[in-house]
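Residue-level listing of the chains:
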Amino acid sequence: MLSITRLVPTKVVVPVTLIAGLLPSIWTLGADAAGFRKMSVDGVEIGVWYPSDASTIKQRLGPFDVDIAKDAEILDGKHEIILFSHGNSGFYRNHYLTAQTLADAGFIVVAPQHEADYLIGGPKTAKALDHRYQELATALKVIFETSEIGGHANREKVHGLGYSLGGATILLASGAGYASERATQHCRKNGAVDTTFCEDPGWLFRLVQSFRHSVSLRNTTDPFRNQPLLTGKAILVAPVFQGIDPAPPLSISGLTVFAIEGDTIAIPQFHAHPLHEAFSRDIPSDYQIVPGHHFAFIAPFPKWLTEQEDIPVAMDPEGFDRPAFLKALNAEIVAAFADE
């Protein structure tokens, strides 16, 4: 398995330049006015972005230099929550531009760091995915129990945003189930083509990674289905789908799927497209295809780092403008969450 309100019955291909042109007001939103703080509870590290009018200071977040108001006060009012799930073996900090844009638009973005991803693809895949769900549940609970932020949270509107494997995680948080046999059947049929998803990273990889992580997995059945966490909309970007049980009902009020044309990791014909087909029967859904590549949704890495290290997720095809792609996609995401 991957070592990563309108119904649209046919695919819609949206050029990046067109997205930008259609949404000029959202495009001009700043990405430097967000409040930010880190939290940690029960072994779960959580990044939280939220609306604030405090002055920002350039600070280091992982390898990124970001303009944030660290530990600033949150703006008065009730703000809708977005549970955020990053891709397989990724980092929530890699999506700071998206999180800041959403915070600027008035949302509280809650992003736990997923720590059991090294088990994805092996016999403990179901437990690792359940652990991702538990990390989202823990993060949401922390926000509700933190008086300063929780007191400004609209508890009736909890949305979800997931990238790659995070798309599957958000579906699990929406009430969908998981069954490894579904993924196995898919790989028996399509493993020679859907290679990245179907390859097992191997026991040696898992052993080495286990020394870098400390997770306690609960005893999860396979298949499993958990209580939903989301009550609002779900947006999935380059999502992973195989293994997910689409049997209704789901708790979300709407679904938007962004497939990336040219994605060779979460191949749309095996993931984004059948995902949309399965869930659009019961949920108002939108399906869009944007040109790019799988890792285009990650914030551009600083030049000083890419000149020193070979970072596959930082690499773009010749002539590809990642900042423009990401800015336009972020505008679409904000519009989808704001659309009533």
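Structure report, in brief. Counting restarts for each chain: residues are numbered from 1 in the order of the written sequence. Where totals are concerned, whole chains, interfaces and linings use all residues; where local detail is concerned, this predicted model gives features only for residues with pLDDT of at least 70, and gives and counts side-chain atom pairs only at 80 or more. The side-chain values count all of the structure's non-hydrogen atoms but skip hydrogen atoms and water molecules.

1. Looking at the overall build of the chain
Basically, it comes down to this: Each helix corresponds to a stretch of at least 4 residues labelled H or I by DSSP, and each strand to a stretch of at least 2 residues labelled E; elements are numbered beginning at the N terminus. Between the two quantities, the radius of gyration covers C-alpha atoms and the globule rule is 2.2 Å times the number of residues to the power 0.38. Classification of residues uses two cut-offs on accessible area relative to the type maximum, computed with a 1.4 Å probe and protein chains only: under 20% is buried, over 50% is exposed, and between them is partly exposed. Working definition of accessibility: Shrake-Rupley area with a 1.4 Å probe, residue cover restricted to the visible protein chains. Working convention for charge: Lys and Arg count positive, Asp and Glu count negative, and His plus the chain ends are omitted. To locate a charge, take NZ of a lysine, CZ of an arginine, CG of an aspartate or CD of a glutamate.
A tally of regular secondary structure across the chain gives 12 helices and 14 strands. What you see for the chain is a C-alpha radius of gyration of 19 Å, in line with the 20 Å of a compact globule of 340 residues. Its C-alpha atoms give the chain principal-axis dimensions of about 55 × 45 × 45 Å. When each of the 340 residues of the chain is scored for burial, the buried share is 55%. For the chain, the accessible surface area stands at approximately 14600 Å², while carbon and sulfur atoms represent 53% of it. Charge separation in the chain, taken as the distance between the mean sites of 27 positive and 38 negative side-chain charges, equals 4 Å.

2. Considerations on the packing of aromatic side chains
Note the threshold: When the centres of two rings from Phe, Tyr and Trp lie within 6.5 Å, Trp using its six-membered ring, the rings pair. Their planes under 30 degrees apart give stacked, over 60 give edge-to-face, and anything left gives tilted. The rule for a charge over a ring is simple: NZ of Lys or CZ of Arg within 6 Å of the ring centre, and within 35 degrees of the ring normal.
Under the definition given, this model contains 10 aromatic pairs. Relative to Y92, the ring of W49 has its centre 6.0 Å away and its plane inclined at 85°; by these criteria the two rings are edge-to-face. A residue pair is termed long-range when its members are at least 10 positions apart, and W49 in strand β3 (residues 44-51) and Y92 in the loop between β6 (79-85) and α3 (96-104) qualify at 43 residues. Site record: aromatic cluster; members linked through ring pairs are F36, W49 and Y92. Just above the ring of F91 sits the side chain of R93; from NZ or CZ to the centre is 4.2 Å.

3. Considering the nonpolar core
Here is the rule: Side-chain atoms within 4.5 Å link the members of a nonpolar core, which is a set of buried Ala, Val, Leu, Ile, Met, Phe, Trp, Tyr and Cys residues. We call two residues in contact when some of their heavy atoms are within 4.5 Å.
Counting residues in each nonpolar core, the largest one holds 59 residues, and the members touching the most others are I108, I244, L255 and F279. A per-element tally of this core places helix α4 (residues 125-145) first, with nine residues. Discounting residues that sit within four places of it in the chain, I244 has contacts with A168, L171, L172, A176, G177, Y178, R182 and F279. V66, A296, F325 and V334 belong to the second-largest nonpolar core, a separate cluster that totals 41 residues.

4. Topic: α4
Side chains three or four residues apart in an α-helix point the same way, a direct result of the helix having 3.6 residues per turn. We count it as follows: A helix is expected to span 1.5 Å multiplied by its residue count minus one.
Across its 21 residues, α4 extends 30 Å between first and last C-alpha, which sits within 8% of the 30 Å expected from 1.5 Å per residue. Burial analysis of α4 places 15 of its 21 residues in the buried class, the great majority of the element.

5. A look at the state of the cysteines
Keep this limit in mind: Throughout, disulfides are identified as pairs of cysteine sulfur atoms within 2.5 Å of each other.
Throughout the structure, instances matching the rule amount to one disulfide. Here C187 is linked by a disulfide to C198, with a sulfur-sulfur distance of 2.1 Å. Since a negative S-S torsion denotes a left-handed disulfide, the C187-C198 link at about -90° is left-handed. Of the two residues, C187 sits in helix α7 (residues 180-190) while C198 sits in helix α8 (residues 195-198), which places them 11 residues apart along the sequence. A relative accessible area of 22% places C187 in the partly exposed class.

6. Let's talk about helix α10 (residues 272-279)
The test is simple: As used here, the arc is the angular range of directions from the helix axis to the C-beta atoms.
Considered for burial, the residues of α10 that qualify are A272, L275, H276, A278 and F279. Burial along α10 is one-sided: seen end-on, the buried residues are contained in an arc of 165°. Looking at the buried side of α10, the elements it contacts are α6 (165-172), β11 (233-237), β12 (244-245), β13 (254-261) and β14 (285-291).

7. Side note on the pattern of salt bridges
Here is the rule: Salt bridge criterion: a side-chain nitrogen from Lys or Arg within 4 Å of a carboxyl oxygen from Asp or Glu.
As enumerated under the stated definition, the model contains 12 salt bridges in all. A salt bridge links R188 to E181; its shortest N-O distance comes to 3.3 Å. According to the relative accessible area criterion, R188 is exposed, its value standing at 61%. Accessibility expressed as a relative area gives 39% for E181, which makes it partly exposed.

8. Considerations on the packing of α4 against α6
Two numbers describe a pair of packed helices, the interaxial angle and the distance between the axes. Short version of the rule: Lines fitted to C-alpha atoms define the axes, with helix axes restricted to the stretch in contact, and inter-axis angles between N-to-C directions lie between 0 and 180 degrees. With respect to orientation, any angle under 35 degrees is reported as roughly parallel, any angle over 145 as roughly antiparallel, any angle of 65 to 115 as roughly perpendicular, and every other angle as oblique. Crossings are classed by handedness, with left-handed meaning an anticlockwise turn of the near helix from the far one by less than a right angle and right-handed meaning a clockwise turn. Charged means Asp, Glu, Lys or Arg here, nonpolar means Ala, Val, Leu, Ile, Met, Phe, Trp, Tyr, Cys or Pro, and polar covers whatever is left, Gly included.
Contact geometry of α4 with α6 gives a least axis separation of 9 Å together with a crossing angle of 70°. As the angle between them shows, α4 and α6 are arranged roughly perpendicular. Here the hand of the crossing between α4 and α6 comes out right-handed. Facing L129, R132, Y133 and L136 of α4, the residues of α6 in contact are L165, G166, T169, I170 and L172. When grouped by side-chain class, the residues that make up the contact of α4 with α6 number six nonpolar, two polar and one charged.

9. So, the sheet that holds strand β9 (residues 177-178)
Applied cut-off: Two strands are counted as paired when DSSP detects at least two bridges linking them.
Spatially, three strands are ordered β10-β9-β12 in an open sheet, and the strand pairing comes out antiparallel. Only two strands of the sheet have a single neighbouring strand rather than two, namely β10 (224-225) and β12. Alignment of β9 against β10, held across two bridges, turns out to be antiparallel. When the sheet's bridge partners are listed, Y178 is paired in β10 with F224.

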